[in-house]
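Next come the chains, spelled out residue by residue.
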Amino acid sequence: MKRLLLSISALLLALAVHPLFGLVAGNPKNDPPVVAPETVGMSANRLANIRAVMNKHVAEKQIPGASGLIARNGKIAYQETFGMADMEAGKPMQMDTIHRIYSMSKPITTTALMMLYEEGKFQLNDPVAKYLPEFAKMQVAIEEKDPQTGQPVMKTRPARNPITVRDLMRHTAGLTYGVFGDTVVDREYRKAKILGQLNLADFVADLAKIPLQYEPGTRWHYSVSVDVQGRLIEVLSGKSFDQFLQERIFTPLEMNDTGFIVPASKKDRLAKLYTITKEGKLQASPTCSNRQECYDGFPNAVPDFLHSMGMQSGGGGLTSTAFDYLRFCQMLLNQGQYNGKRLLSRKTVQLMSSDHLGSIPGLGPGTGFGLGFAVNKSPGEAGMMGSPGEYNWGGAAGTKFWIDPQEQLIGIFMIQILPHTGLEYGSEFRVLAYQAIAD
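No experiment lies behind these values; they were computed from the predicted model shown. Think of each chain on its own: its residues are numbered from 1, step by step along the sequence as written. Totals for whole chains, interfaces and linings use all residues, but because this is a predicted model, local features are given only for residues with pLDDT of at least 70 and pairs of side-chain atoms are given and counted only at 80 or more. The side-chain quantities take in all heavy atoms of the structure and omit both hydrogens and water.

## With respect to the overall build of the protein chain
Stated formally: Here a strand is any run of E in DSSP of at least two residues, a helix any run of H or I of at least four, and the numbering for each starts at the N terminus. Each residue gets one of three labels from its accessible area relative to the maximum for its type: buried under 20%, exposed over 50%, partly exposed in between, using a 1.4 Å probe on protein chains only. For the accessible areas, the method is Shrake-Rupley and the probe is 1.4 Å, while residue cover comes only from the protein chains on display. Charge assignment: positive for Lys and Arg, negative for Asp and Glu; neither His nor the chain ends contribute. Note on charges: their place is set at NZ of Lys, CZ of Arg, CG of Asp or CD of Glu.
Helix and strand counts for the protein chain stand at 13 helices and 18 strands. Viewed in the frame of its principal axes, the protein chain has a C-alpha envelope of about 75 × 50 × 45 Å. Within the protein chain, the proportion of its 439 residues that are buried is 51%. Approximately 18,400 Å² of the protein chain is accessible, and the part contributed by carbon and sulfur atoms is 52%. Each charge class in the protein chain can be summarised by its mean position, and for the 45 positive and 41 negative side chains these summaries are 3 Å apart.

Below, the structure is given as structure tokens:
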């Protein structure tokens, strides 16, 4: 039986025609090899469930298009596309289509910062103010109601705890985003146009003037803290953020389609971004090409990613492909190395993928947070298919990834709907991937 499976695998690799695991023209030669699913303990018949479910979503016009990729034991067991990258132009989704990965930028940024940690540039529990003095004397906001107007007003008190570098990495810094809530602090973020700064230095300078939403180290709250990490990388390395990412991560991993701007030569490969109308219909999202226009138009207009927006957002500014992101994930699953190039040590990856919250509240049952991504502590408590120790994150347009060391499994799902509403298509893909494990 084993010899038969290996023969089948060889035939499939030679023909490269099956949509589940066919080779894609133009893939770098250093991508993980493509194999028949059965050779890595997965069922081709069960993986076909993915196609049925996703094509149904496309047919019912719930999604424009998507792509999925699954690797196990360092080999690609599944890759398939569905629907369109551009519905209006009739352009099919391809495996090399470029996507806005938004918050899937965060693990890349934290990985870059941890490379500097390995060089002795800082300690995790160092106060951020040691390197970014703007954060030396932070205030914490206290929201009260004006007895005369009934409107919320902000008072402040000095922060008792300093923001640490680890707080930035695990979202416990007391920062917020300014666009997802309407607290008095969120309003100050919007007033200061925090997400519309010219560069990371200006961003940090203006951010530090705004009171914290809560005491550092006391709760998990999703925030711009990863963008602060980008500025920290600049200060510690003496290089621009994008230069550091290019030299230390993208070039070694051959992530040739990942960056803050899609060059003109690759413009046709960038998927169109869609939104869902009040009537539940897909509609192309308006895009903008300059910083002021984009900030003023948010969320009705979003950057086109073809022009510079000024500030390079480590929290949500990257575009990438499924294959590029696979190389990044495989490096982490390989305990810090890929194709003979080591980016991190085994112990650093273990530290990053450990839960750093403990009893700090903020995430749901069974879910912790490491340095750069969520950690599945208990699948039963979390109500989520997976294994203890699996880590994951996603992006605002619906993209998702997970890395499961116990199963030696990587899943990547790419889609472009913002704001991401309706069904959790990436979560569906995750379940459909796990149910195909057959060893």
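There is more to say after this.
## Thoughts on the pattern of salt bridges
Put simply, the rule reads: In what follows, salt bridge is the name for a side-chain nitrogen of Lys or Arg lying within 4 Å of a carboxyl oxygen of Asp or Glu.
Per the stated rule, a full pass over the model turns up 24 salt bridges. Note that glutamate 60 is salt-bridged to lysine 56, the shortest N-O span being 2.9 Å. Relative accessible area serves as the criterion here: at 47%, lysine 56 is assigned to the partly exposed category. The salt bridge partner of aspartate 206 is lysine 209, with a shortest N-O separation of 3.6 Å.

## Side note on the nonpolar core
Short version of the rule: Working definition of a nonpolar core: buried Ala, Val, Leu, Ile, Met, Phe, Trp, Tyr and Cys residues. They are joined through side-chain atoms within 4.5 Å.
Counting 84 residues, the largest nonpolar core has Ile108, Phe135, Ile249, Tyr325 and Ile412 as its most contacted members. Ranked by residue count, the leading element in this core is helix H10 (residues 322–333), at 9 residues. Of all hydrophobic cores here, the second largest spans 25 residues; its members include Leu47, Ala66, Ile70 and Phe82.

## Remarks on the pairing of strand S18 (residues 409–415)
The criterion, for reference: Two strands qualify as a pair provided that DSSP identifies no fewer than 2 bridges between them.
Burial of S18 is extensive: 7 of the 7 residues sit out of reach of the surface. Taking every second residue as pointing to the same face, both faces of S18 are buried, with Leu409, Gly411, Phe413 and Ile415 on one and Ile410, Ile412 and Met414 on the other. As paired strands, strand S1 (residues 65–72) and S18 are joined by 7 bridges and run antiparallel to one another. The residue of S18 that forms the bridge with isoleucine 70 is glycine 411. Note: strand S17 (residues 400–404) against S18, 5 bridges, orientation antiparallel. Bridge pairing in S18 links isoleucine 403 to isoleucine 410. Once S17 ends, the chain turns through 4 residues before running back antiparallel as S18, passing glutamine 408 with a positive phi of about 50°.

## As for the environment of proline 263
Its location among the elements puts proline 263 in the loop between helix H8 (241–250) and strand S7 (274–276). Sequence separation of proline 263 and lysine 121 is 142 residues, and the distance between their C-alpha atoms is 33 Å.

## As for the packing of helix H2 (residues 44–59) against helix H13 (residues 425–434)
Threshold: Between the N-to-C directions of two axes lies an angle of 0 to 180 degrees, each axis being a line fitted to C-alpha atoms and, for a helix, fitted only over the stretch in contact. Any angle from 65 to 115 degrees is called roughly perpendicular, while one under 35 is roughly parallel, one over 145 is roughly antiparallel, and all others are oblique. By definition, any crossing whose near helix is turned counterclockwise from its far helix by less than a right angle is left-handed, and any crossing with a clockwise turn is right-handed. Any two residues whose heavy atoms approach within 4.5 Å are treated as being in contact. Ten residue types, Ala, Val, Leu, Ile, Met, Phe, Trp, Tyr, Cys and Pro, are classed as nonpolar, four, Asp, Glu, Lys and Arg, as charged, and the remainder, Gly among them, as polar.
Two numbers describe how H2 lies on H13: the axes approach to 9 Å, and their chain directions differ by 160°. The orientation of H2 relative to H13 falls into the category roughly antiparallel. For the pair H2 and H13, the sense of crossing is right-handed. Each of Asn49, Ile50, Val53, Met54 and His57 in H2 lies in contact with H13, whose residues at this interface are Tyr425, Glu428, Phe429 and Leu432. Split by residue class, the contact of H2 with H13 holds 6 nonpolar, 2 polar and 1 charged.

## Examining the sheet that holds strand S2 (residues 75–86)
In sheet architecture, strand pairing relies on hydrogen bonds along the backbone and comes in two forms, parallel and antiparallel. Ordered by their spatial adjacency, 8 strands build an open sheet running S3-S2-S1-S18-S17-S16-S15-S14, and the pairing between neighbours is antiparallel. On the outer flanks of this sheet lie strand S3 (91–92) and strand S14 (367–369), each paired with one strand and no other. The pairing of S2 with S3 spans 2 bridges and is antiparallel. Across the sheet, aspartate 86 pairs through a bridge with lysine 91, a residue of S3. With respect to the sheet, H2 is in contact with S1, S2 and S18, its orientation differing from that of S2 by roughly 10°.

## Quick look at the packing of aromatic side chains
Convention followed: Aromatic contacts are taken between Phe, Tyr and Trp rings whose centres are within 6.5 Å, Trp giving its six-membered ring; a plane angle under 30 degrees counts as stacked, one over 60 as edge-to-face, and the others as tilted.
Applying the stated criterion to the full structure yields 17 aromatic pairs. Residues tyrosine 177 and tyrosine 222 carry aromatic rings whose centres are separated by 5.5 Å and whose planes lie at 55° to one another, so their mutual orientation is tilted. Placement of tyrosine 177 in the loop between helix H4 (165–170) and helix H5 (184–192) and of tyrosine 222 in the loop between helix H6 (200–207) and helix H7 (225–237) is noted, with a sequence separation of 45 residues between them. When the centroid spacing of 5.7 Å and the interplanar angle of 50° are considered together, the rings of tryptophan 220 and phenylalanine 369 count as tilted. Linking tryptophan 220 in the loop between H6 and H7 with phenylalanine 369 in strand S14, this pair joins segments that are 149 residues apart in sequence.

## Remarks on unusual backbone geometry
Here the bond from leucine 418 into proline 419 is cis, since omega is -10°, no more than 30 degrees from zero. With respect to the helices and strands, proline 419 occurs in the loop between S18 and H13. Backbone geometry places tyrosine 102, a non-glycine residue, at a positive phi of 40°. Take tyrosine 102: it is sitting in the loop between strand S4 (99–100) and helix H3 (106–118). For tyrosine 102, a relative accessible area of 12% translates into the label buried. One non-glycine residue, histidine 171, lies in the positive phi region at around 60°. Inspection of the secondary structure assignment puts histidine 171 in the loop between H4 and H5.

## Quick look at H3
To keep things clear, this is the line we draw: Each residue after the first adds 1.5 Å to the expected span of a helix.
With 13 residues, H3 should cover 18 Å at 1.5 Å per step; its first-to-last C-alpha distance of 18 Å lies within 8% of that length. Here H3 lies mainly inside the structure; 11 of its 13 residues are buried. By the burial criterion, the buried members of H3 are Lys106, Pro107, Ile108, Thr109, Thr110, Thr111, Ala112, Leu113, Met114, Met115 and Leu116.

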